[in-house]
Amino acid sequence: MPTTSSPHFVRRGWSIAILSAAVICIVATIAQYYRPQALPEPIAQLAGNLFGINPHPVKLVRPPVMPLSAVALIGQRIFHDPTLSASGRQSCASCHNAQNGYGPPNGQSVQLGGLHLATAGLRAVPSLAYLYRQSVFGIGPEAGETDTPVNLDQLASSALNTPRQQKAADVKVAAPAMVPQGGFFWDGRASTLQDQAIGPLTNPAEMANVDNAEVARKLAKAGYGAELAKIFGTAVTKDPNLFVSEAMFAIGRYQFEDASFHAFSSKYDYWLEGHARLTSSEQRGMVLFNDKNKGNCAACHLSQPSQDGQPPLFTDTQYEALGVPRNRDLPANRAATFYDMGICGPLRKDMATQSQYCGMFLTPTLRNAAMRKVFFHNGVYHDLKQVLDFYNLRATQPEKIYPHDKNGHVQQYDDLPASDHTNIDVFDAPFDKKAGDTPPLNDAEIADLIAFLKILNDGYKP
């Protein structure tokens, strides 16, 4: 019988190696010069796995890139104007920096504002990018165009006994979930980009003006009254509230029209269109992101284009109570009895009685997340590894996530009152595991997930 070192086996081994190399070369040549979607499915998948190309490229429908309108140009100037703040040193762009995905430019958990730029905010500053498709706050599916005001209390009451839908990355729900969704800010209290822009002007921890009248005087002094009057008529400057409202409408138009707020220029976008190749680590991370039994990230951070070809926003715009640990560095949290309840307050007032939503915050987009230096509503984490460790270990090893009391007991969900712990998600992976279970991700898989998240940053050059 021939041995493994005999010429027969050596020739056979070389033949297999040469054949394998030939197959790879053929697939590489096909992938290089032919459209993957025109290839037989097995070859397309093989090319995708071997060379990081998308075997099923699509044509993304991006927002049109056009010159800014006259009102948007005014909004652009207002957005970058620090003279509208009490300190004279803070503009919208101070906290929403274009080079940081329109998020904060530093790693502070919350930003400082007020008259002397020394007053800490309550929450981490969210990004202003990718909000152009955000709907108004509601419970359940969008109501559509209507002149009848939506009664949120009635909607909340009708949804109270609705069975909770479990979220999985590759499972489409049969009907729209009866849960809070849409809106602006972490708690959805603003309905439009215009409303969102108005809030910081009189917030004591932000631009800190006394009232709209003070803002109107500053707008007039900066020359915006004359410019807005050319568009909206001279009456716009007669009423301070109307003046401020139209000025903030201009900011909203700037955010809506300027392509930098929704560039869709990440490596992932180009990969979707077949113009970029992923590394092995990025490919593995993408698989983990979309695997309902591993990361399950895509259950809330939708990763596929819409049916009409619009690029994915990497959020379902719904609200979740995740039970992130308390950030004891926040000045507001020095009071042991204080809790940030999200939808239930303290910044939002109209949903205070809907206790089933206490502790819920808006699911943000993950686009440009790798640019951020602060994460979650309370800014408790400062890099993606910490964030993924939280998702991975919250259920299986809570002692590594939460502090311990003087007796050594884990203070799980320490940033919500015990009465609201039932709102915290323990149903969706990876939160559906039990203490002592094996965490769903190992360190190598977390590194791959981070590699994938990095390709969601805008500014990739194919």
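Now for a look at the structure at hand. Everything quoted here is computed from the prediction, not taken from an experiment.

## As for the overall build of the chain
Scanning the chain from terminus to terminus reveals 13 helices and six strands. Relative to its 462 residues, the chain shows a buried fraction of 50%. Long-range pairs, those at least 24 residues apart, make up 69% of the contacts in the chain with a sequence separation of at least 6. Summed over all atoms, the accessible surface of the chain reaches about 22900 Å², with 57% contributed by carbon and sulfur.

## Quick word on the nonpolar core
Membership of the largest hydrophobic core comes to 55 residues, with the highest contact counts inside it found for Y268, F289, Y357, F376, Y381, F390 and F452. Breaking this core down by element, the ones donating at least two residues are α5 (152–159), α10 (267–272), α11 (280–290), α12 (384–393) and α13 (443–454). One finds L68, V71, C92 and V244 within the second-largest nonpolar core, a separate group that totals 39 residues.

## A short note on the packing of aromatic side chains
Under the definition given, this model contains 24 aromatic pairs. Ring plane angle 70° and centroid distance 6.4 Å describe the contact between F79 and Y102, whose orientation is recorded as edge-to-face. A residue pair is termed long-range when its members are at least 10 positions apart, and F79 in helix α3 (residues 70–79) and Y102 in the loop between α4 (92–95) and β1 (112–113) qualify at 23 residues. Both residues of the pair, F79 and Y102, belong to the buried class. Pairing F376 with F390 gives two aromatic rings, centres 5.5 Å apart and planes at 70°, and the pair type is edge-to-face. Of this pair, F376 sits in the loop between β6 (361–362) and α12 while F390 is found in helix α12, placing the two residues 14 residues apart along the sequence. Of the two residues, F376 and F390, neither departs from the other in class, the shared state being buried. Site record: aromatic cluster; members linked through ring pairs are Y268, W271, F289, F314 and F452. Between the NZ or CZ atom of R326 and the centre of the ring of Y339, over which it lies, the distance is 5.1 Å. A cation sits over an aromatic face here: R394 above F431, 3.9 Å from the ring centre.

## Examining α13
Because an α-helix packs 3.6 residues into every turn, residues spaced three or four apart end up facing the same way. Under the 1.5 Å per step criterion, the end-to-end length of α13 is 17 Å for twelve residues, consistent within 8% with the ideal 16 Å. Taken as a whole, α13 has its buried residues at E445, I446, D448, L449, I450, A451, F452 and L453. As for α13, its buried residues are in contact with α10, α11 and α12. Capping the start of α13 is the job of one residue whose side-chain oxygen sits 3.1 Å from the backbone nitrogen of A444: N442.

## Here's the deal with unusual backbone geometry
The step from G345 to P346 runs through a cis peptide bond, and the omega angle for that step is 10°. Here P346 lies in the loop between β5 (319–320) and β6. Here A429 and P430 are connected by a cis peptide whose omega angle stands at 5°. Among the structural elements, P430 can be located in the loop between α12 and α13. Positive phi is not limited to glycine here, since L117 has a value of about 55°. Looking at where L117 falls in the secondary structure, it is placed in the loop between β1 and β2 (119–120). By relative accessible area, L117 is classed as partly exposed at 24%.

## Remarks on the layout of surface pockets
Counted as a void, the second largest pocket has a volume near 620 Å³. Along the wall of the second largest pocket there are 32 residues; nearest its centre are V125, F185, P200, N203 and E206. Mapped by element, the contributors of at least two residues to the lining of the second largest pocket are α4, β1, α6 (193–202) and α9 (240–257). Class assignment of the residues belonging to the lining of the second largest pocket gives a composition of 20 nonpolar, nine polar and three charged.

## Remarks on the pattern of salt bridges
Taken as a whole and assessed by the stated rule, the structure comprises 17 salt bridges. The shortest N-O distance in the salt bridge between D269 and R367 comes to 2.8 Å. Separated by 98 residues along the polypeptide, D269 in helix α10 and R367 in the loop between β6 and α12 bring together distant segments of the chain. Overall, D269 belongs to the buried group, its relative accessible area being 0%. Two residues, D350 and R348, come together in a salt bridge whose shortest N-O distance is 2.7 Å. On the basis of relative accessible area, R348 is assigned to the buried category, the value being 4%. Put simply, R123, D187, R189 and D340 are held in one network by salt bridges that share partners.

## Thoughts on the environment of K349
Note that K349 resides in the loop between β5 and β6. Considered as a pair, K349 and R189 are 160 residues apart in the sequence and their alpha carbons are 8.5 Å apart. At 2.7 Å, the side chain of K349 and the backbone oxygen of P346 are in polar contact.

Thresholds applied
- Each chain has its residues counted from 1, following the order in which its sequence is written.
- Predicted model: local features are reported for residues with pLDDT of at least 70 only, side-chain atom pairs are reported and counted for 80 or more only, and whole-chain, interface and lining totals are derived from all residues.
- Side-chain calculation: all heavy atoms of the structure are included, whereas hydrogens and water are not.
- Secondary structure counts use DSSP, requiring at least four H or I residues in a row for a helix and at least two E residues in a row for a strand, with both numbered from the N terminus.
- Throughout this description, buried means an accessible area under 20% of the type-specific maximum (1.4 Å probe, protein chains only), exposed means over 50%, and partly exposed covers the range between.
- For this analysis, residues touch if any pair of their heavy atoms sits within 4.5 Å.
- To measure how exposed things are, a 1.4 Å probe is used in the Shrake-Rupley method; for residues, cover is taken only from the protein chains shown.
- What we call a nonpolar core is a set of buried Ala, Val, Leu, Ile, Met, Phe, Trp, Tyr and Cys residues that are connected through their side-chain atoms within 4.5 Å.
- By convention, a stacked pair of Phe, Tyr or Trp rings (six-membered ring in the case of Trp) has centres within 6.5 Å and planes under 30 degrees apart, an edge-to-face pair has planes over 60 apart, and any other such pair is tilted.
- Consider the ring centre and the ring normal. A charge sits over the ring if Lys NZ or Arg CZ is within 6 Å of that centre and within 35 degrees of that normal.
- For a helix, the expected span equals 1.5 Å multiplied by the residue count minus one.
- Polar contact is the term for a pair of N or O atoms within 3.5 Å; when the atoms are in protein, one must be able to donate a hydrogen and the other to accept it, and sequence-neighboring residues count only if both atoms are side-chain atoms.
- Grid spacing is 1 Å over the protein atoms alone, the probe is 1.4 Å, and a cavity is where that probe fits but cannot get out, while a pocket is an open set with protein on both sides within 12 Å along at least five of seven lines and lining residues have an atom within 4 Å of a point.
- Grid points are joined across faces, edges and corners, and a volume is the space filled by probe spheres set on the points.
- Three classes are used: nonpolar for Ala, Val, Leu, Ile, Met, Phe, Trp, Tyr, Cys and Pro, charged for Asp, Glu, Lys and Arg, and polar for all others, with Gly counted as polar.
- Any carboxyl oxygen of Asp or Glu that lies within 4 Å of a side-chain nitrogen of Lys or Arg is treated as forming a salt bridge with it.

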